[in-house]
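Below are the chains, spelled out letter by letter.
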Amino acid sequence: MYGKDPSIKCDVLVIGGGTAGIAASISAERAGCRVLLLEKYGFLGGIATAGMAGTMCGLYLRDTNHNVEQVCGGFAREWADEISKRSDIKPVHMAEGLYVLPYDPWDFQRTADRLIRRAAGVTMALHSTVISVDIEGCNVREVRALIRNRYVSFRPSCVVDCTGDASVLYMAGAPVDEETGVQAAAVVFSLDTFKRAKDRESRLDVLRDIQRAVRDKQLSTACEAVSLIPSDSLNNLRLKVNLPYDSSNDWNKLTELELRSRDVMEELSFFFKAGLSRLPVEVGVRNGRRARGRETLTEEDILECRKFPDGVACGAWPMEEWGLDIRPRMTYPPEKGYYEIPIGCLIPESLDNVFVAGRCISTSAKAIASARVIGVTLCTGWAAGKAAAFQAMNKPLSVAVKELRDEQVRGRGHDP
């Protein structure tokens, strides 16, 4: 079937070039490994760029006294600094002491390009779709991918699953937890030359106009759950509309969601007589399949700000559960508090040479509503990449854990 298509050996194979995959690749490379990064799109960033999420959440402690303090040190801080310099932006206070870092998706893409290019030991393959995973005992032996129009086989020492849906584990037949809760998806887009929205108050008037038009049946109810994405530009309006999403195993549900998202974008564009200046590549789905790990992060761990001797990443973002309302249901840990994620949440229970990061780490259904945000996925990606590198080089995992604690947990920064 595969003929004479190439077979490539590497130390660490990272699958998925979203936020977690970027961090994992650079982490493994800086630890001394040869790394291959596979990404299905022609660019990096995952939902942060393809879905135009627009804000980096989870980088800062919650503080109602307006003190801005980083949750994690290490690469999460490095990434935030890179974005801040490129975009000339600072953290924005939202509500209840929460801070986010707005970003432009193009700046996010180019920052990823620059950092990956600097990592001489990382080889990146865009337009790569993984089609099969073969195991031998408790190890992944081979991963096959279609890279544009050619089959390529990879034989890695270790794999990091950063797919967001635990796709590597699923294809390997490893135990996974299917998402059973309901989280609304979101579509983010920009309306161009929007001269009405010259300041914050006039932008809020736009939202009121949308709500009024829905009540008057000038707009469909699908447009009702709309909010603003922070933006420095006064020439366009960045909107986020929440849409119901059935996360069942019905294979065509995501297709229906994508079609609905385009209906909504077009409807609002016509209503305001404004052009669609920037469109997402995909709708932003907030939930997905998760690994069954050797440890599981729970909502109690988050709300009680639990620490672990082998904690390798930090999180402080509330559990953010999106229904069909304009605002999510937020369940907060204590102000200035943060929780740690133990290394066992990044290690599947049945595979020895696979680590997971990002949205598919081992958590309860509620806990992932905090751990899935960009700030936390930067940390879990970095941790998984270093752990995979140490295993590939036959170094003790305990040493990797110690280094990760020094970098990301004890190395937490202060004012950005």
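Preceding block: the structure.
Residues numbered from 1 in each chain as written. Predicted model: local features only at pLDDT ≥ 70, side-chain atom pairs only at ≥ 80, totals over all residues. Heavy atoms only, no water.

A.B. asks: Please clarify how the packing of helix α3 (residues 74–87) against helix α4 (residues 105–118) should be interpreted in this entry.
C.D. replies: Each pair of packed helices can be described by the angle between their axes along with the distance between the axes. As a packed pair, α3 and α4 sit with axes 10 Å apart at the nearest point and diverge in direction by 125°. Taken together, α3 and α4 sit at an angle that is classed as oblique. For the crossing formed where α3 meets α4, the hand is right-handed. Contact residues: α3 offers F75, E78, W79, E82, I83, R86 and S87, while α4 offers W106, D107, F108, R110, T111, A112, R114, L115 and R118. (Axes fitted to C-alpha atoms, helices over the stretch in contact; angles between N-to-C directions. Helix = DSSP H or I, 4+ residues; strand = E, 2+ residues; numbered from the N terminus. Parallel < 35°, antiparallel > 145°, perpendicular 65-115°, else oblique. Left-handed = near helix turned anticlockwise from the far one by under 90°. Contact = heavy atoms within 4.5 Å.)

A.B. asks: Help me understand the packing of α3 against helix α10 (residues 374–392), please; the structure alone is not making it clear to me.
C.D. replies: Put simply, α3 and α10 touch, their axes get as near as 8 Å, and they point 130° apart. When the axes of α3 and α10 are compared, the pair comes out oblique. Remark: the crossing between α3 and α10 carries right-handed chirality. Mapping the contact onto sequence places F75, A76 and W79 in α3 and G375, L378, C379 and W382 in α10. Among the residues forming the contact of α3 with α10, the class breakdown is six nonpolar, one polar and no charged. (Nonpolar A, V, L, I, M, F, W, Y, C, P; charged D, E, K, R; others polar.)

A.B. asks: When you look at the nonpolar core in this model, what are you seeing that I'm missing?
C.D. replies: One recurring pattern in soluble globular proteins: nonpolar side chains tend to sit buried together. Judged by nonpolar contacts, the single largest core of 107 residues is most densely connected at M56 and W79. Ranked by residues supplied to this core, first place goes to α10 with twelve residues. Contacts of M56, omitting those with residues within four sequence positions, involve W79, I83, V100, L101, Y103, F108, I374 and L378. A185, V214, Y245 and M265 belong to the second-largest nonpolar core, a separate cluster that totals 25 residues. (Core = buried A, V, L, I, M, F, W, Y, C linked by side-chain atoms within 4.5 Å. Buried < 20%, exposed > 50% of the residue type's maximum accessible area, 1.4 Å probe, protein only.)

A.B. asks: Please explain the sheet that holds strand β11 (residues 185–192) as it appears in this structure.
C.D. replies: In a beta sheet, neighbouring strands pair by backbone hydrogen bonds and run either parallel or antiparallel. Taking strand neighbours across the sheet as the criterion, the four strands line up as β12-β13-β11-β14 in an open arrangement whose pairing is antiparallel. Here the strands that pair on one side only, and so sit at the sheet edges, are β12 (226–228) and β14 (276–278). Recorded for the sheet is a direction-independent mean angle of 40° between the axes of neighbouring strands. Here three bridges tie β12 to strand β13 (residues 236–243), and the two strands are oriented antiparallel to one another. Across the sheet, residue S227 finds its bridge partner in β13, namely K240. With respect to the sheet, helix α7 (residues 253–272) is in contact with β11, β13 and β14, its orientation differing from that of β11 by roughly 30°. (Pairing = 2+ DSSP bridges.)

A.B. asks: I'm lost on the sheet that holds strand β4 (residues 92–93) in this one. Help?
C.D. replies: One open sheet accounts for three strands, arranged β3-β5-β4; its pairing is antiparallel. Each edge of the sheet is formed by a strand with only one pairing partner; in this case those strands are β3 (55–56) and β4. Relative to strand β5 (residues 99–102), β4 is paired through two bridges, and the arrangement is antiparallel. Its bridge partner lying in β5, V92 is registered against V100.

A.B. asks: How should I be thinking about the pattern of salt bridges in this particular structure?
C.D. replies: Two side chains of opposite charge can pair, provided their charged atoms sit close to one another. Inspection of every chain in the model, using the stated rule, returns 25 salt bridges. Among the salt bridges present, the one from D63 reaches K336, with a minimum N-O distance of 3.7 Å. With D63 in the loop between β3 and α3 and K336 in the loop between β18 (329–331) and β19 (339–342), the pair connects residues that are 273 residues apart, well separated along the chain. By relative accessible area, D63 is classed as buried at 5%. Put simply, R144 and D134 hold a salt bridge, and the shortest N to O gap is 2.8 Å. Of the two residues, R144 is situated in strand β8 (residues 139–147) and D134 in strand β7 (residues 128–136); the sequence distance between them amounts to ten residues. (Salt bridge = Lys/Arg side-chain N within 4 Å of Asp/Glu carboxyl O.)

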